[in-house]
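What the coordinates show
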Amino acid sequence: MSSILIVEDDVSIAELERDYLEMNGFTVEIALTGDEGLRKAIAENYDLIVLDLMLPGIDGFEICKRIREIKDIPILMVTAKKEEIDKIRGFGFGADDYIVKPFSPGELVVRVKAHVSRYNRLVNREQPKNEIQVRGLHIDKNARRVLVNNDEKVLTAKEFDLLTFLASNPNHVFNKAHLFERVWGFDAMGDVSTVTVHIRKIREKIETDPANPEYIETIW
């Protein structure tokens, strides 16, 4: 599920944008000031940022500039201004698109979907076949290394194999028996309960909050 950050100081507008995006399958967080938006944008991993131009504290131009220094995720700038110079400045600082208030929530959703889809295609096309990238999770299959937000995590051999299998098959639900069969093999000694133990250990190593996992979800 793609995650979106909305940086908007008008609470009613921010909540309306959030509601429409969540109805279309996105997870959404809101920042009401420029400083909070910049902090979240740098610290977290989002698939797109909806960035208002006029904000208390740091304005949208400066936020866009600072994000672009370290990240290449899509940035959709939002403003009440119609002057062409603002659009030129926005694109100059690295914005991917520009939408002028007032706009329909439907238009916002269409633009967000288009940019997220385009970005995902680009990332997948450039990603080496021996590597897997899922937001902040990076798996190098050749070197058998796992990094989360550039911080290397040490996994056992089976933990690595299990994580790699799951990451190679995103958005699929597997029962424990299937995972045991695919990772441990038909002739392995033990039982499927070991899958649960390994999942718990993997979450402890790669998740910020193992109780509310971002990468490996349990579907009842």
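For the structure itself, consult the block above.
Values in this document were obtained by computation on a predicted structure and should not be read as measured data.

1. Some points on the overall build of the protein
- In terms of regular secondary structure, the protein is built from eight helices and nine strands.
- Expressed along its principal axes, the backbone C-alpha trace of the protein runs to roughly 70 × 35 × 30 Å.
- For the protein, the proportion of its 220 residues judged to be buried stands at 40%.
- Of all intrachain contacts in the protein linking residues separated by at least 6 positions in sequence, the fraction that spans at least 24 positions is 51%.
- In the protein, 30 side chains carry a positive charge and 38 a negative one; their mean positions are 4 Å apart.

2. Looking at the pattern of salt bridges
- The full count for this structure, using the stated rule, is 14 salt bridges.
- With a shortest N-O distance of 2.7 Å, Asp96 and Arg68 are connected by a salt bridge. Residue Asp96 is located in the loop between α4 (84-92) and β5 (97-100), and its partner Arg68 is located in helix α3 (residues 60-68); the two are separated by 28 residues in the primary sequence.
- With relative accessibility at 37%, the residue Asp96 sits in the partly exposed group.
- The class for Arg68 is partly exposed, based on a relative accessible area of 24%.

3. A word on the sheet that holds strand β3 (residues 48-52)
- With parallel pairing, five strands are arranged side by side in an open sheet as β2-β1-β3-β4-β5. Of all strands in the sheet, those with a lone pairing partner are β2 (27-31) and β5, marking the two edges. Averaged over all pairs of adjacent strands, the angle between their axes in this sheet comes to 20°, without regard to strand direction.
- In this sheet, strand β4 (residues 75-79) lies alongside β3 in parallel orientation, the contact comprising four bridges.

4. Let's talk about the packing of helix α6 (residues 157-168) against helix α7 (residues 176-184)
- Close contact between α6 and α7 brings their axes to 10 Å; oriented N to C, the two are set at 115°. Here the hand of the crossing between α6 and α7 comes out right-handed. Together, Lys158, Asp161, Leu162, Phe165 and Leu166 of α6 and Leu179, Arg182, Val183 and Trp184 of α7 make up the contact between the two elements.
- Each residue belonging to the contact of α6 with α7 can be placed in one class, and the counts come to six nonpolar, no polar and three charged.

5. Side note on the packing of helix α2 (residues 34-43) against α3
- Interhelical geometry of α2 versus α3 gives an angle of 15° and a closest axis separation of 10 Å. Classified by the interaxial angle, the pair formed by α2 and α3 is roughly parallel. The two elements α2 and α3 cross, and the hand of that crossing is right-handed. Only Ile63, Arg66 and Ile67 of α3 make contact with α2, whose side of the interface consists of Gly34, Leu38 and Ala41.
- By residue class, the composition of the contact of α2 with α3 is four nonpolar, one polar and one charged.

6. Description of the pairing of strand β7 (residues 137-140)
- By the bridge criterion, four bridges tie strand β6 (residues 131-134) to β7 in an arrangement that is antiparallel. Opposite Glu131, over in β7, you have Asp140 as the bridge partner.
- The antiparallel hairpin formed by β6 and β7 contains two residues in its connecting segment, where Arg135 sits at a positive phi of about 50°.

7. A few points about the sheet that holds strand β8 (residues 145-148)
- Spatially, the four strands line up as an open sheet ordered β6-β7-β8-β9, and their pairing is antiparallel. Every other strand in the sheet has two partners, leaving β6 and β9 (151-153) as the edge strands with one partner each. Strand-to-strand twist in this sheet, taken as the mean axis angle between neighbours without regard to direction, amounts to 20°.
- In the sheet, β8 pairs with β9 via three bridges, with the strands oriented antiparallel. From the neighbouring strand, Val146 faces β9, where its bridge partner is Lys153.

8. Details of a nonpolar patch on the surface
- Residues Leu16, Tyr20 and Met23 make up a contiguous nonpolar surface patch of about 310 Å² in total accessible area.
- Topologically, Met23 is positioned in helix α1 (residues 11-23).
- Here Met23 falls in the exposed class, since its relative accessible area comes to 61%.

9. Describing the pairing of strand β1 (residues 3-7)
- Buried residues dominate β1, accounting for five of its five residues.
- The side-chain alternation of β1 yields two buried faces, one formed by Ser3, Leu5 and Val7 and the other by Ile4 and Ile6.
- Bridging between β1 and β2 involves five bridges; their strand directions are parallel. Residue pairing across strands places Ser3 opposite Thr27, the latter belonging to β2.
- With α1 bridging β1 and the parallel β2, this β-α-β connection has right-handed handedness.
- With four bridges connecting them, β1 and β3 associate as parallel partners. Within β3, the residue paired with Val7 across the bridge is Leu51.

Rules behind the numbers
- Residues numbered from 1 in each chain as written.
- Predicted model: local features only at pLDDT ≥ 70, side-chain atom pairs only at ≥ 80, totals over all residues.
- Heavy atoms only, no water.
- Helix = DSSP H or I, 4+ residues; strand = E, 2+ residues; numbered from the N terminus.
- Buried < 20%, exposed > 50% of the residue type's maximum accessible area, 1.4 Å probe, protein only.
- Contact = heavy atoms within 4.5 Å.
- Lys, Arg positive; Asp, Glu negative; His and termini not counted.
- Charge placed at Lys NZ, Arg CZ, Asp CG, Glu CD.
- Salt bridge = Lys/Arg side-chain N within 4 Å of Asp/Glu carboxyl O.
- Pairing = 2+ DSSP bridges.
- Axes fitted to C-alpha atoms, helices over the stretch in contact; angles between N-to-C directions.
- Left-handed = near helix turned anticlockwise from the far one by under 90°.
- Nonpolar A, V, L, I, M, F, W, Y, C, P; charged D, E, K, R; others polar.
- Parallel < 35°, antiparallel > 145°, perpendicular 65-115°, else oblique.
- Patch = residues over 30% accessible without salt bridge, like charges linked within 9 Å, V, L, I, M, F, W, Y side chains within 5 Å.
- Areas by Shrake-Rupley, 256 points an atom, 1.4 Å probe, with all protein chains shown as cover.
- Right-handed = clockwise from strand over helix to strand, strands pointing away.

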